[in-house]
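# Coordinates in review
Single-letter residue listing:
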Amino acid sequence: MTLPASAMKPAPFKYIAATSLAHALALKAQHGDDAKFLAGGQSLIPAMNFRLARPAVLIDINAIEGLAGVRSHAGAVGIGPLTRYRALQRDEALTKLYPLIGEALPHIAHPQIRNRGTIGGNLSHADPASELPAIALALRGRFRVQAAKRERWVEAKDFFAGALTTDLQPDEMLVELELPSPKPRTGSCFMEIARRRGDFAIAGVAAMVTLDERDACAEVRLALCGVDETPVDASSAADGLIGQNLSEQALSEQAIREVAACLQKMIAPAGNVHATADYQRHVAGVLAERALSTACQRVQDGR
Amino acid sequence: MDADRHEITVSVNGIDYTRHIESRLLLSDFLRHDLGLAGTHVGCEHGVCGACTVLLDGQPVRSCLMLAVQAKGHEISTVEGLAGKDSAYHPLQQAMHDHHGLQCGYCTPGILMTMTAFLDENASPSEDEIREALSGNLCRCTGYQNIVDAVMTAAMRMRG
């Protein structure tokens, strides 16, 4: 016997399996905010099970060919929105090129979720605690966004508008995450603290350090997740390190502590049942020190 | 709104089933109620506990986070399909029995589906790798140690 309607978790909706990107975008243009794209469903279906989300129309994009996969362009890599976390984890060339992605993926939920969850769904959902938005910010990624009759590019820094809110318009879909090739002589590190493995981040920090040909620090990038409504670019906290020579020794503990102290002033964590705002700020500072030290060490070790 | 219904054919443990279902029916409820395969358990029904884990085309997924209509044309494997034709336990089932890897048994089907797929990919796992692979399945009885022991033993036996 099928389950009685009264026992079904999600509210009723019309389900349409889109057969092409054009089909999906035409449906979204027609239904606008009443419709949701269904990719991996690992955030949307739980929200629907709680009836926090009640879309009238679900546009399933899972059968659309060409939306998943990693492609190399000149000087950049494009990641399709239907690429699942697990596929990225298994892509050794990609995780070697962008170690931040390889280090962040194991923090994203659990194996079963990573088998199903997608890059496009993650970024479009824009959970403040999510790792990939911060990684996209640190890597200076940009997003190709498409509607039925137009296309545009959005920089990562302009994409995330607030908690669970992006720059995407009601008729648009994120169709590609483009990451520029990392600069030579760059070391990077991602670290996160969560209550349990796979839980939402209390704080997470991505750090990248680039040296010039004279071993002076040319660029530092710092991006955080879990400590504000959107991922935070705190790179300017490390402005004082630019030009410092790292060939002789690692950055002094004092210099790194000053960066962390500056970074702590740039975030506004909300606090939650697991951690007060002060504790989140403390953890962000500690992780920033550790991630920055590790990134410095790695660039000097040539990793 | 009139119920939005679709006809689907899904292969479950090698048998094709065709059913006319409402689009909002979760895969977990489809397996349990429409097909009578109640070995797939539902705990939290929002993707936290792992009790409802099944294999979708060989990969472990949460069946409570997928619509049954999305399984159209795919292959699903559930705990009912684990034992051999002569009802002999899968080596992991036997090892769970030998090591007391379950008490109430509620989480067990999800753990079996997660860890049999894991052992297919990693025949010689370390204890740390097993714990990482188990991280998406909650068990409130065992404290996990006996489950980890069972997976280690099953891996050893399956290597022969």
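Residues numbered from 1 in each chain as written. Chains lettered and ligands numbered in written order. Predicted model: local features only at pLDDT ≥ 70, side-chain atom pairs only at ≥ 80, totals over all residues.

## Quick look at the overall build of chain A
- Helix and strand content of chain A: 11 helices and 14 strands.
- The C-alpha atoms of chain A give 20 Å as radius of gyration, which agrees with the globular expectation for 303 residues (19 Å, within 12%).
- On the principal axes, the C-alpha backbone points of chain A span a range of 70 × 45 × 30 Å.
- For chain A, the residues scored as buried account for 49% of the 303 residues in total. (Helix = DSSP H or I, 4+ residues; strand = E, 2+ residues; numbered from the N terminus. Rg over C-alpha atoms; globule rule 2.2 N^0.38 Å. Buried ≥ 20, exposed ≤ 12 C-beta atoms within 10 Å, placed from the backbone.)

## Considering helix H5 (residues 145-159) of chain B
Residue and element names in this part refer to chain B.
- With 15 residues, H5 should cover 21 Å at 1.5 Å per step; its first-to-last C-alpha distance of 21 Å lies within 8% of that length.
- Turning to H5, its buried residues are Ile147, Val148, Ala150, Val151, Ala154 and Ala155. Looking straight down H5, one finds its buried side chains confined to an arc of 160 degrees; they lie on one side.
- On its buried face, H5 is in contact with helix H2 (91-98), helix H3 (108-121) and helix H4 (127-133).
- In the stretch just after H5, Gly160 is the one whose phi turns positive, near 80 degrees. (Expected span 1.5 Å × (residues − 1). Arc of directions from axis to C-beta. Contact = placed C-beta atoms within 7 Å.)

## Digging into the domain arrangement of chain B
All names here are of chain B.
- Split by domain assignment, chain B resolves into domain 1 (5-81) and domain 2 (91-159).
- With centres defined by C-alpha atoms, the gap from domain 1 to domain 2 works out at 22 Å.
- If you look at the interface, domain 1 gives 15 residues, while domain 2 gives 11 residues.
- Broken down by secondary-structure element, the contributors of at least two residues to the side of domain 1 that touches domain 2 are strand E3 (53-56) and strand E4 (59-62).
- A per-class count over the side of domain 1 that touches domain 2 returns seven nonpolar, eight polar and no charged. (Domains from an automatic or database assignment. Nonpolar A, V, L, I, M, F, W, Y, C, P; charged D, E, K, R; others polar.)

## What to know about the sheet that holds E3 of chain B
Residues and elements named next belong to chain B.
- Taken together, the five strands give an open sheet; going across it, the order is E2-E1-E5-E3-E4, and neighbouring strands pair in mixed fashion. Two strands in the sheet have a free side with no partner beyond their single neighbour: strand E2 (15-22) and E4. Neighbour to neighbour, the strand axes of the sheet diverge by 40 degrees on average, direction disregarded.
- Pairing of strand E1 (residues 5-12) with strand E5 (residues 75-77) involves two bridges; the strand directions are parallel. Among the inter-strand pairings, Ser11 is bridged to a residue of E5, identified as Glu75.
- Relative to the sheet, H3 contacts E3 and E4, its axis offset from that of E3 by approximately 40 degrees. (Pairing = 2+ DSSP bridges. Axes fitted to C-alpha atoms, helices over the stretch in contact; angles between N-to-C directions.)

## Digging into the interface of chain A and chain B
- With 27 residues of chain A at the interface, the matching set in chain B holds 30 residues.
- Of all the elements in the fold, those that place two or more residues in the side of chain A that touches chain B are strand E1 (14-17), helix H2 (44-49) and helix H6 (111-116) of chain A.
- At five residues, H6 of chain A tops the list of elements feeding residues into the side of chain A that touches chain B.
- Counted by class, the side of chain A that touches chain B contains 13 nonpolar, nine polar and five charged residues.

## Quick look at the environment of Arg185 of chain A
All names here are of chain A.
- Following the sequence through the fold, Arg185 ends up in the loop between strand E10 (173-180) and strand E11 (186-194).
- C-beta crowding within 10 Å serves as the criterion here: with 15 such atoms nearby, Arg185 is assigned to the partly exposed category.
- Taking the C-alpha atoms as reference, Arg185 lies 29 Å from Thr230; in sequence the two are 45 residues apart.
- Discounting chain neighbours no more than four positions away, the residues touching Arg185 are Thr210, Leu211 and Val299.

## What to know about the pairing of E11 of chain A
All names here are of chain A.
- One ladder, built from nine bridges, connects E11 with strand E12 (residues 201-211); its direction is antiparallel. Looking across to E12, one finds that Gly187 is bridged to Val209.
- Between E11 and the antiparallel strand that follows it, E12, lie six residues; Gly198 among them carries a positive phi value of about 90 degrees.

## Quick look at the nonpolar core
- Ranked by size, the top nonpolar core spans 139 residues in total, and within it Val205 and Leu224 of chain A carry the most contacts.
- When sequence neighbours within four positions are dropped, the list of residues in contact with Val205 of chain A reads Met191, Leu222, Leu224, Ala284, Leu287, Ala288 and Ala291 of chain A. (Core = buried A, V, L, I, M, F, W, Y, C linked by C-beta atoms within 7 Å.)

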